[in-house]
Every structure is written in structure tokens, then in C-alpha cells.
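Tertiary structure, described
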Amino acid sequence: MSDAPDPSSAANAMWGGRFAAGPDAIMQAINASIGFDKRLYAQDIRGSRAHAAMLAAQGILTSRDAEAIGEGLLTVLSEIEAGGFPFRVELEDIHMNVEARLKELIGEPAGRLHTARSRNDQVAVDFRLWVRDQCDAAISGIEALMRAFLAQAEAGADWVMPGFTHLQTAQPVTWGHHMLAYVEMLARDRSRFVDARARMNECPLGAAALAGTGFPIDRHMTAAALGFDRPTANSLDSVSDRDFALEFLSASAICALHLSRFAEELVIWSSAQFRFVRLSDRWTTGSSIMPQKKNPDAAELLRAKMGRVLGAAVALFTVMKGLPLTYSKDMQEDKEQVFDAADTLMLGLAAMTGMVGDMQANRESLAAAAASGFSTATDLADWLVRELNLPFRDAHHVTGTLVARAEARGCDLPDLSLAEMQEVHPGIREDVFAVLGVENSVRSRTSYGGTAPDNVRAQAARWKELLGDAA
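Numbers given for residues are sequential positions, taken from 1 along each chain in its written order. For a predicted model such as this one, the threshold for reporting local features is a pLDDT of at least 70, and the threshold for listing and counting side-chain atom pairs is 80 or more; totals across whole chains, interfaces and linings nevertheless cover every residue. For the side-chain quantities, the full set of heavy atoms in the structure was used; hydrogens and water were omitted.

If you look the chain up in an unreviewed UniProt entry, it shows as Argininosuccinate lyase from Cereibacter johrii. If you open the UniProt record of the chain and go to Catalytic activity (unreviewed entry), you find "2-(N(omega)-L-arginino)succinate = fumarate + L-arginine". UniProt positions are given in the numbering used here, feature names are shortened, and annotations may be inferred rather than shown by experiment. UniProt, in the comment section headed Subcellular location (unreviewed entry), describes the chain in these words: "Cytoplasm".

**Re the packing of aromatic side chains**
Two rings belonging to Phe, Tyr or Trp (six-membered ring only in the last case) form a pair when the distance between their centres is within 6.5 Å. Interplanar angles under 30 degrees mark stacking, angles over 60 mark edge-to-face geometry, and anything in between is tilted. Counted according to the given criterion, the structure contains 13 aromatic pairs. Taking the centre distance of 5.8 Å and the plane angle of 90° together, the rings of F262 and W269 count as edge-to-face. By the burial criterion, F262 is buried, and W269 matches it. Through a chain of ring-to-ring contacts, the aromatic side chains of F149, F164, W175, Y182, F262, W269, F274 and F276 assemble into a single cluster. Each ring is checked for a lysine NZ or an arginine CZ that lies within 6 Å of its centre and within 35 degrees of its normal; such an atom marks a charge sitting over the ring. Over the aromatic face of F339 sits the side chain of R39, whose NZ or CZ is 4.9 Å from the ring centroid. The ring centre of F127 lies 5.6 Å from the NZ or CZ of K335, which sits over that ring. Buried, partly exposed and exposed residues are distinguished by accessible area as a fraction of the type maximum, computed with a 1.4 Å probe on protein chains only: under 20%, between the cut-offs, and over 50%, respectively.

**So, the packing of helix α4 (residues 41–57) against helix α5 (residues 63–82)**
Viewed as axis vectors pointing N to C, α4 and α5 meet at an angle of 170°, and their least axial separation amounts to 9 Å. Viewed along their axes, α4 and α5 adopt a mutual orientation that is roughly antiparallel. Between α4, through Y41, A42, I45, S48, R49, A52 and A56, and α5, the contact on the second element is made entirely by S63, A66, I69, G70, L73, L74, V76, L77, I80 and E81. Polarity classes work like this: nonpolar for Ala, Val, Leu, Ile, Met, Phe, Trp, Tyr, Cys and Pro, charged for Asp, Glu, Lys and Arg, and polar for all others, with Gly in that last group. Split into classes, the residues belonging to the contact of α4 with α5 amount to 12 nonpolar, 3 polar and 2 charged. Structural elements are reduced to axes, namely lines fitted to C-alpha atoms, with helices fitted over the stretch in contact, and the angle between N-to-C directions of any two is expressed from 0 to 180 degrees. Strands here mean DSSP runs of E at least two residues long; helices mean DSSP runs of H or I at least four residues long; both are numbered from the N terminus. Any angle that is under 35 degrees is reported as roughly parallel, and any over 145 degrees as roughly antiparallel; angles of 65 to 115 degrees are reported as roughly perpendicular and all others as oblique. Contacts: residue pairs with any heavy atoms within 4.5 Å of one another.

**Remarks on a nonpolar patch on the surface**
Any residue with relative accessible area above 30% and no salt bridge may belong to a patch, with like charges joined within 9 Å and the nonpolar Val, Leu, Ile, Met, Phe, Trp and Tyr side chains within 5 Å. Per-residue and other accessible areas were derived by the Shrake-Rupley procedure at a 1.4 Å probe size, with only the shown protein chains allowed to occlude residues. Salt-bridge detection follows one rule: a side-chain nitrogen of Lys or Arg within 4 Å of a carboxyl oxygen of Asp or Glu. There is a patch of nonpolar side chains on the surface, built from L210, L236 and L325 and spanning about 270 Å² of accessible area. With respect to the helices, strands and loops of the structure, L236 is situated in helix α10 (residues 235–240). The exposure class assigned to L236 is partly exposed, which follows from its relative accessible area of 36%.

**Overview of the side chain of S48**
Positionally, S48 belongs in helix α4. In protein, a polar contact requires one atom able to donate a hydrogen and another able to accept it; more generally it is a pair of N or O atoms within 3.5 Å, and residues adjacent in sequence count only if both atoms are side-chain atoms. Polar contacts involving the side chain of S48 include one to the side chain of R117, which spans 3.0 Å. Setting aside chain neighbours within four positions, we find S48 in contact with L73, L113, R117 and Q122.

**Some details on the packing of α4 against helix α6 (residues 94–106)**
Interhelical geometry of α4 versus α6 gives an angle of 60° and a closest axis separation of 10 Å. What the angle tells us is that α4 and α6 run oblique. The chirality of how α4 crosses α6 is right-handed. Here α4 contributes Y41, D44 and I45 to the contact with α6, which in turn contributes I94, H95 and V98. Along the lines of polarity and charge, the residues of the contact of α4 with α6 split into 4 nonpolar, 1 polar and 1 charged. The crossing is said to be left-handed when, going from far helix to near helix, the turn is anticlockwise and less than a right angle, and right-handed when the turn is clockwise.

**A short note on the pairing of strand β1 (residues 160–165)**
In terms of strand pairing, β1 meets strand β2 (residues 168–174) through 6 bridges, oriented antiparallel. Note that in β2 the partner of P162 across the bridge is P172. Whether two strands pair comes down to DSSP finding at least two bridges between them.

Written as C-alpha cells, this is what we have:
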């Protein structure tokens, strides 16, 4: 005779006397969430210990029962962390698995733990705690990547490279300026997680099933014990919304988008046609047939994986969009998407931090590319406006004509003679050539937020100070 628990009896004990028969195997499979929500074990035990302590403080539990519950929950925690905990599908979820094991350990007091709460507010607090932790992890990961970009910006503050629009050479910029563009993007990503964390930092525990409870609980006590700013103010809202998870996914999706954009640039820049950067062997692979290949696989995989984060956001928005108040079982489908998105984002941040830290910019290739494609045409137009007082539209036309002449000759603007330029506009002088060099071009872009090397150094120093890294 087997010592294994009877699934139907376990289910009946959980559901109470309302149900005479256990669930069908398929129903059990679709209903159980323990396969994924076991990741909430630490948050579940933390929330239960805070709840038990509050019940004792309010005289709802005896101090003896509360002490037994608290110690028993620590035992369960150690068993799970040791890897030997027997998660049981018939108990559905992490809450009932923990409670069942607690009963095996301490007996009758375990049944008192669920006083004045429901699995609805229990899962809401568990999930909120977990997502809050992921916000903290994302903030830390983003700051590490910002530091990697800052190091690149400082090293190449005055290295010239082409700036692109439509992936066509537009104007020369500095390598440092390009790196700082991602620092700015990531800083906004970080702020979104900071803001989301602040908004979600209210405790739903004590909302019970949906209407609160008649027991004299102290929700401010449990909120403080779990590190929340305050308890949630409406019991219906507390158990029925997952906007904290949606906001986490939204912030994650935007951050993932930024990671994917730079991954795309790494793929392009490391190609033989560009040779802007060299990725280390840590982040590249070879070919099984072509010995010369060095493939940017890490960047390509990151570019693809970031789509999963966007997919997770769309999935949870779709789950939640049609649900009436309050709790519906649809909301059990809220976690897997968030778990996967959080894992994927953290992997992406770590991989990108490694790639940015290791990558070596090819200064010569960057400079050569910066000087190609008539990249200083705008500087010529600006000179015509500034020195000859031409209206900008007229200057634009003159410059376009000179570009066409240079293109027909197969040369760049600085290679045209002064006489050729004066055929287009007689007022052009010898000193025009001073603005046609890419080095002069980037040095002239001193407007706030511009690409001038001094600007880059100032912005890098500002960000180091904001990140607490200033000397």
C-alpha cells in the first residue's frame, strides 16, 4: 500500500466540504500552478511570518501558536532552499504546499495561519514582493551597463565616427557622444523601474478574498514588516489588479528595446564591411565550415531574446483586459510571463554589460568612415550662412550643388579646389576648408547636448557623479 497522499483527499481538504469528488486529471493539470509559482516561496514564507506575527500582536493567535508557525515556516524555507522539498501538484500552488508541510511539522497551529486572509491577498502580496525585488535587480543591472558605456565614452571622447540617419552617413560625431546616447536611454529605463517600484510599494495583505475581514487586524503592521510604505486603501483593488506587474513589463520592454537596438549596431559594426568594433572571443563564435568567420552570436541572440520581453507584456495585457472585479482564475496566468521577462531582461543586461566592457573600437576605421559620404556638408552650409550671410535655404542649395560636383568627380568636398567652389558661389573663400575637416566639425558642435569632445567629457563626469562613481 502506497504512503503517497491521495490526490482527491488532499484537494478536498483544501477546498473544504463543498466538493465530494477530487478533480479530473486534466482539470488538475490546468488548475495547478506549483510548476511555476514555487518561485515565490521566499516571498510567500516572508508574508506568512509577518501575518502570523501580526495576528499574535492583535490577540487573534496565541503567542505560542505564532511562535510555532514562525519557526515552522523557517524550517520549510530551509528545506526548499536545500533542494529537497517535495512540491506536490495536487496541492495546486506554493501557498498550499507550504501550509501542508507546515502542518506536518507543527500540527494543528498551522491551520490557524490562514485566519483573516485569503489566497487572493496572499498571492497578491507574494507577487508584489517578487516584482519589487526584480525592479531592484533591474536597476542594479542597468547601472552596471551605464558604467560600461561611460567607460567607453571617456576613452573615446574625441574619436570621430559617422553619425547616421537612415543608416546613411549624416554628420560626424564622436564615439563618446554615441556611447552617451545609450547612457541617457538607460537612465530613463532606470527611472521607470524606480517609479514603478514606488507605485507598487503598497501592501495588499489583509484585503482577504475581496472585502477585507472582520478580524481586528493591523494592516499597517504587516505593511511595515514587509517593507511597504503603506497598506493598499481598497480591498477590491488590492486583489483584482496586476498593474504593478504590467508596469514592470512595460519598463522591461522599453529597456529591452534599447538593448536590442545596440545589439543591432554591434552586429553591423563588427562586420567586415564596417570594422568599427571588435568583439572579444567571449561573445563571439566561429563557423563549422568557414574558418575565417567570427560571428557576433551573443548580440544576435540578445536581439532576438528581447522580443520575448515585449511578448510577455502583450500577453499579460491580454489576460487582464477583460476581467471584471475582482479575482478571476485567469489571473493565475499572470506569473509565467513576468518570470520569463525578468529572467530574459537580466540575462540581456548582463550580456550587454560584458560585450560593451570588452569591445574594442577601431579608431582608424571610425575616422575613415566619418570623413566619407560628404559628412561635413552641413558644416559647409552653416559656414555659408555664418560667413556670407546667405539664407539657409540658399546655402543648402549651394552645398547640394557642390556635393553633386564632388560626387561626379569621385571625390569628397575637401578635395574640390577653391576655384571649383567659386564657380558655384564666388563669395566662397579659402578659410572654408577649415570647416570641412571632421575633427573641426565635431569640435564646433558645442551647443548643450552636442557632440563636441569637451561636452562629452562634461556629460561623462556628470553621470559618474550621479552614479556615485566620481573621484
